[in-house]
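Report on the structure
Okay, here's what each chain looks like letter by letter:
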Amino acid sequence: MKSIFATIATLFIYIIPICAQPSNDTLTLNQVLNRILETYPSIPQAEEAIRIAESNLSISKSTYLPSISGTASYLWLDPISKLDMNEKTIHINSHHNLTFGVSINQLIWDFGKNKSKVEESRIRKEIAQIQKRQTMQSLLVEGIRSYYQTAFARHSILIKTEQLNDYKKMLEQTGIKKDAGAATEYNYLNTNVSFSAVEAELIALNANKE
């Protein structure tokens, strides 16, 4: 399963170019994915569903396991029968009487009565495992998408910030030229419109990044 997620991550890494190296205060892709799997509540819920399914499967199979039981008893007899022969006495019985037994019972065939329960438990376990894999895959794909979306936004912000600084300088220079008669009002307004457009894009990028 891990190999599937690793393959997905690798494909995203090679298909989507890394536009900007992450700064020291950002997480790497592997750190993001690991944190998602460690903290998202759906993962432990899916794991708990698998454990319950495994427990139910073990219970349904236990019908076919042998059962062992034992019994023990002790009886003190007094008086006991004895036989006197000349100077010797022979005891026919014993004061201490201990009996014990062990029995083993195992179901050999129940005419398929429990087979359906075992099969149902096995299918429920497989469904729980599939649901966990699907949940993990969805979370990882979403994590990868968000990671590169954030990386792209960071890079775009850097580019737009540089453009905004360039337009700001250009706007100042155009204003000076306009005052000196070397540039028209149209040139100044056109530069100002471009400056405002880049500024609006930068604001939008910062808002989407949050």
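Details of the structure are given in the entry above.
The notes below deal with the structure included here. From a predicted model like this one, the values you see are computed outputs, not experimental measurements.

This paragraph deals with the packing of helix H3 (residues 42-61) against helix H4 (residues 115-180). Working note: a packed helix pair is described by the angle between its axes plus the distance between those axes. Their axes nearest at 8 Å, the elements H3 and H4 cross at an angle of 165 degrees. Relative to H4, the element H3 is oriented roughly antiparallel. Judged by the twist between their axes, the crossing of H3 over H4 is left-handed. For the pair H3 and H4, the contacting residues are Ser42, Ile43, Ala46, Glu47, Ala49, Ile50, Ala53, Glu54, Asn56, Leu57, Ser60 and Lys61 in the first and Lys117, Val118, Ser121, Arg122, Arg124, Lys125, Ala128, Gln129, Lys132, Thr135, Met136 and Leu139 in the second. Considering only residue class, the contact of H3 with H4 consists of ten nonpolar, six polar and eight charged.

Turning next to the packing of aromatic side chains. If you walk through the whole model with that rule in mind, you get one aromatic pair. Sitting over the ring of Tyr188, Lys178 keeps its end group 5.4 Å from the ring centre.

Secondary-structure assignment places Asn30 in helix H2 (residues 29-39). Take Asn30: its relative accessible area is 54%, and that puts it in the exposed class. Expressed as a C-alpha distance, the spacing of Asn30 and Ile144, which sit 114 residues apart in the sequence, is 9.4 Å.

What counts as what
- Residues numbered from 1 in each chain as written.
- Predicted model: local features only at pLDDT ≥ 70, side-chain atom pairs only at ≥ 80, totals over all residues.
- Heavy atoms only, no water.
- Axes fitted to C-alpha atoms, helices over the stretch in contact; angles between N-to-C directions.
- Helix = DSSP H or I, 4+ residues; strand = E, 2+ residues; numbered from the N terminus.
- Parallel < 35°, antiparallel > 145°, perpendicular 65-115°, else oblique.
- Left-handed = near helix turned anticlockwise from the far one by under 90°.
- Contact = heavy atoms within 4.5 Å.
- Nonpolar A, V, L, I, M, F, W, Y, C, P; charged D, E, K, R; others polar.
- Phe/Tyr/Trp six-rings, centres within 6.5 Å; stacked < 30°, edge-to-face > 60°.
- Lys NZ or Arg CZ within 6 Å of the ring centre and 35° of its normal.
- Buried < 20%, exposed > 50% of the residue type's maximum accessible area, 1.4 Å probe, protein only.

Function cannot be inferred from these measures alone, as they are strictly geometric.
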